[in-house]
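Summary of structural features
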Amino acid sequence: MNLPTLESINLAASLPVLILAGWACLLTAIDLFISPERKHWTAWLAVLGLLASGVALGFEAVAYSQRGAVSAFGDMAVVDGFALFLQGVFLLSAFLGILLALNYLPRHNIERGEYYTLLLFTTSGMMLMAMAADLIVVFLALELLSLPLYVLSGFAHPRLDSEEAAMKYFLLGAFASGFLVYGIALTYGGAGTTLLSGVVEALVGGGPAPNPVLAIVGMGLILVGLGFKVAAVPFHMWTPDVYQGAPTPVTAFMSVGAKAGGFAALLRVFLIAFPATGDTWGVVIAIIAALTMILGNVVAISQSNVKRMLAYSSIAHAGYVLVAVAAARYPEVEPLAVSAAVFYLLTYAVTNLGAFAIVIALERDDGTGVEVEDFAGLAKTRPWLAIAMTLFMLSLTGIPPSAGMVGKFFVFQAAVQASVGDPLILTVTIIGVLTSVISAFYYLRIPVMMYFRDGEGQANVQPALGVALALTALATFLLGVVPAPFLQMARHALLTLAG
Amino acid sequence: MPGVILFAILALVAILSAIGMLTSTNAVHAALFLVINLACIAVFFLGLSAPFLAMVQVTVYAGAIMVLFLFVIMLLGAERVPLSSRLRWQAPLAIALVLALLAVTLLVAFSPQVQGNLVNPRPVPPEAQGFGSPQAVGETLFARYLLPFQMVGLLLLVAMIGVVVLTKDERKPTGHISENAQASDRAA
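Computed from a predicted model, the values in this text were never measured in an experiment. (Residues numbered from 1 in each chain as written. Chains lettered and ligands numbered in written order. Predicted model: local features only at pLDDT ≥ 70, side-chain atom pairs only at ≥ 80, totals over all residues. Heavy atoms only, no water.)

Quick notes on the overall build of chain A
Each helix and strand in chain A was counted, giving 21 helices and 2 strands. A principal-axis box enclosing the C-alpha atoms of chain A has dimensions of 70 × 55 × 40 Å. For chain A, the proportion of its 499 residues judged to be buried stands at 63%. Residue pairs at least 24 apart in sequence account for 81% of intrachain contacts in chain A once pairs closer than 6 positions are excluded. As displayed, chain A has an accessible area near 17,000 Å², and 72% of this comes from carbon and sulfur atoms. (Helix = DSSP H or I, 4+ residues; strand = E, 2+ residues; numbered from the N terminus. Buried < 20%, exposed > 50% of the residue type's maximum accessible area, 1.4 Å probe, protein only. Contact = heavy atoms within 4.5 Å. Areas by Shrake-Rupley, 256 points an atom, 1.4 Å probe, with all protein chains shown as cover.)

Some points on the environment of G466(A)
All names here are of chain A. Within the secondary structure, G466 is located in helix α20 (residues 463-481). By relative accessible area, G466 is classed as partly exposed at 22%. Expressed as a C-alpha distance, the spacing of G466 and A361, which sit 105 residues apart in the sequence, is 9.0 Å.

Description of the nonpolar core
The biggest cluster of nonpolar side chains holds 205 residues, and the ones touching the most others in it are F274(A) and F375(A). Looking at this core, the element that brings in the most residues is helix α14 (residues 334-362) of chain A, giving 22 residues. Each residue touching F274(A), except ones within four places of it in the same chain, is listed here: T187(A), V199(A), L203(A), A215(A), M219(A), I222(A), V269(A) and W281(A). Residues V28(B), A31(B), L38(B) and M66(B) belong to the second largest nonpolar core, which totals 8 residues. (Core = buried A, V, L, I, M, F, W, Y, C linked by side-chain atoms within 4.5 Å.)

Considering the domain arrangement of chain B
Note: interface size is frequently given as the accessible area lost on complex formation between the parts. Taken as a whole, chain B is organised into domain 1 (1-119) and domain 2 (133-169). One C-alpha centre belongs to domain 1 of chain B, the other to domain 2 of chain B, and the line joining them spans 29 Å. (Domains from an automatic or database assignment.)

Thoughts on the packing of helix α6 (residues 135-153) of chain A against helix α9 (residues 212-229) of chain A
Residue and element names in this part refer to chain A. Direction vectors running N to C along α6 and α9 enclose 30 degrees, while the axes themselves pass 12 Å from each other. In terms of orientation, α6 and α9 fall into the roughly parallel class. Considering the relative orientation of α6 and α9, their crossing is left-handed. In contact with L135, L142, L145, S146 and Y150 of α6, α9 contributes I222, L226 and K229. In the contact of α6 with α9, the residues fall into 6 nonpolar, 1 polar and 1 charged. (Axes fitted to C-alpha atoms, helices over the stretch in contact; angles between N-to-C directions. Parallel < 35°, antiparallel > 145°, perpendicular 65-115°, else oblique. Left-handed = near helix turned anticlockwise from the far one by under 90°. Nonpolar A, V, L, I, M, F, W, Y, C, P; charged D, E, K, R; others polar.)

A word on the packing of aromatic side chains
Scanning all chains against the criterion turns up 17 aromatic pairs over all chains. Between Y150(A) and F170(A), the aromatic rings sit 5.4 Å apart at their centres with planes inclined by 80 degrees, giving edge-to-face as the arrangement. Separated by 20 residues along the polypeptide, Y150(A) in helix α6 and F170(A) in helix α7 (residues 160-191) bring together distant segments of the chain. For Y150(A), a relative accessible area of 6% translates into the label buried. Judged by centre distance (5.3 Å) and plane angle (45 degrees), the ring pair of F7(B) and F44(B) falls under tilted. With F7(B) in helix α1 (residues 2-23) and F44(B) in helix α2 (residues 27-47), this residue pair connects regions lying 37 residues apart in the sequence. Site record: aromatic cluster; members linked through ring pairs are Y150(A), Y169(A), F170(A), F228(A), W238(A) and Y243(A). Note that K408(A) overlies the ring of Y320(A), its terminal NZ or CZ placed 4.5 Å from the centroid. In this structure, R144(B) packs its charged tip against the face of Y145(B), placed 5.2 Å from the ring centre. (Phe/Tyr/Trp six-rings, centres within 6.5 Å; stacked < 30°, edge-to-face > 60°. Lys NZ or Arg CZ within 6 Å of the ring centre and 35° of its normal.)

Some remarks on the interface of chain A and chain B
Facing 33 residues of chain A, the contacting portion of chain B comprises 24 residues. Each partner contributes to the roughly 2,800 Å² buried at the junction of chain A and chain B, and carbon and sulfur atoms together form 78% of this total. Where chain A packs against chain B, one counts 1 salt bridge. We note a salt bridge from D75(A) to R144(B), for which the minimum N-O separation is 3.4 Å. Residue assignment for the side of chain A that touches chain B shows that the elements contributing at least two residues are α2 (15-30), α5 (114-131) and α6 of chain A. Of the residues forming the side of chain A that touches chain B, the biggest block, 9 residues, is contributed by α6(A). The class makeup of the residues in the side of chain A that touches chain B is 25 nonpolar, 4 polar and 4 charged. (Buried area = accessible area lost by both parts, 1.4 Å probe. Salt bridge = Lys/Arg side-chain N within 4 Å of Asp/Glu carboxyl O.)

Dropping the structure here:
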């Protein structure tokens, strides 16, 4: 048994997540001394933790550009460009998630300090997920990501739909975790190790006791478990009810964070551990991607509740990222497809958080006001809000000048490159383009409502929400107009086996 | 030889306590029978040179979990179990399954491979020596699996916070407790 040294644990490399998790633990205790009327202090302290983690992440990114990827905690985690980029996305989403909640919680009389600490815990789970290099760490990170989200979905208890959301999410989530654990166990049985780098060795051959059949069955079950997290068809059933029932800031954060976390694990596990069986999972993921895009976009058309519509839209967007995942199985396309996927997740994060910020502004204290009709006349009463919402809807559809257009462009570019000699990916890409056109129908209904229908158009934009809105709108616009610097960063978001 | 005699006595005690646990109608008695059974298994672990596992068995299973069992039984006042069970098909099915398991075990035990290994025991591989010792378990847990170990710690903390958030209502801090007390007074 070789004991770990300070060099092999490499605390410096995992400093961003260590700061965040440690600060979350401390904040849990500090929160006890903050009186109930001053819970916004907890929120700002949580933001402080995110900032500190972000600074550490910045230093780590500079270090990465000089020395490349490194392992941490022995070989349990790896800090590479992929992990660093996604960790940045998670920190940004958590920061915006806190801004969205800051005024919403007291307005709905559900403000408690634990909201912010749980948010930090789930963010640290996501960050660990991005750097997990062992299936055990993948599983634990997934649980650390999910448990706080189950609680947050039920944060508005005893409101019934919030309780229903928490219960549904928890039961189905636990069920999916069971699939994931069973898949990991079978992979361990087939490959003799849970290390991603060990699994690939065992499957390619030359490992200790390769049993490819067990490992392939395990791979399928892992796909089920992670497919649930990213809300891919046919594991999407929980999404509409949970998104509708959970408090809106939670839905906003969940739709972005949990999805990106799930994709972080999906990309790393399948591209690092199972490249040898790419023919198998490539086909399965391509078919799932097609189904996800079709169902998400088609069912979203008939939704009148905006939260529910955004839930189906989030299913549809999972489909577009899955197209990139399916394309990434070809080694020559992999760098492009991976950076397209993470860039797409970034654009989706800022756009969707912005769209939900508008929903929060419109939502009344009793939880109503989130129907499509409630947007009528908003252009006259709140012109800036209407412009921002139009921008978000254009971005979700994928129309310039917005982030979503650039994101979709790179996903489809990667898919087209991969489709040379692979008619399935070509078909899926065509389905993706067609469903984007379909999606315009329900996304653009909201701008039509705002500009061409008369109505009261009430909205309540409080300061923190206004800041969040301005930031997301600006980011959506900038990512669409000058995407080059961000794309440059995404280009460095490469997966590495180990440092 | 003394090892075999010790094993025989303990095996008998383990089986009898298991039967006693199944047949006793008092839940407290059943729980106490289970304690005896778990203690016997702890000694078996000791005999298989896994001292750490034996101690964990005693402290966690025979200790902590059984105290929890007894506590819940007494708290709910569920000592008396009704004699007639509604699940009548359960007993014959259980007996059939036990017999099937026994048959498989005997088949394996008397298979040529196992018998051959009994006659010429294979040498213990070097990596298995010291396997299951407190030192080996500790080193694995805190060195190789340091990160997962810490993450489990975080996970348990989150679960505790979650339970408190979902069950304890803190929304109206002033006068809330007295309101609750009044409500329960009225209910009583």
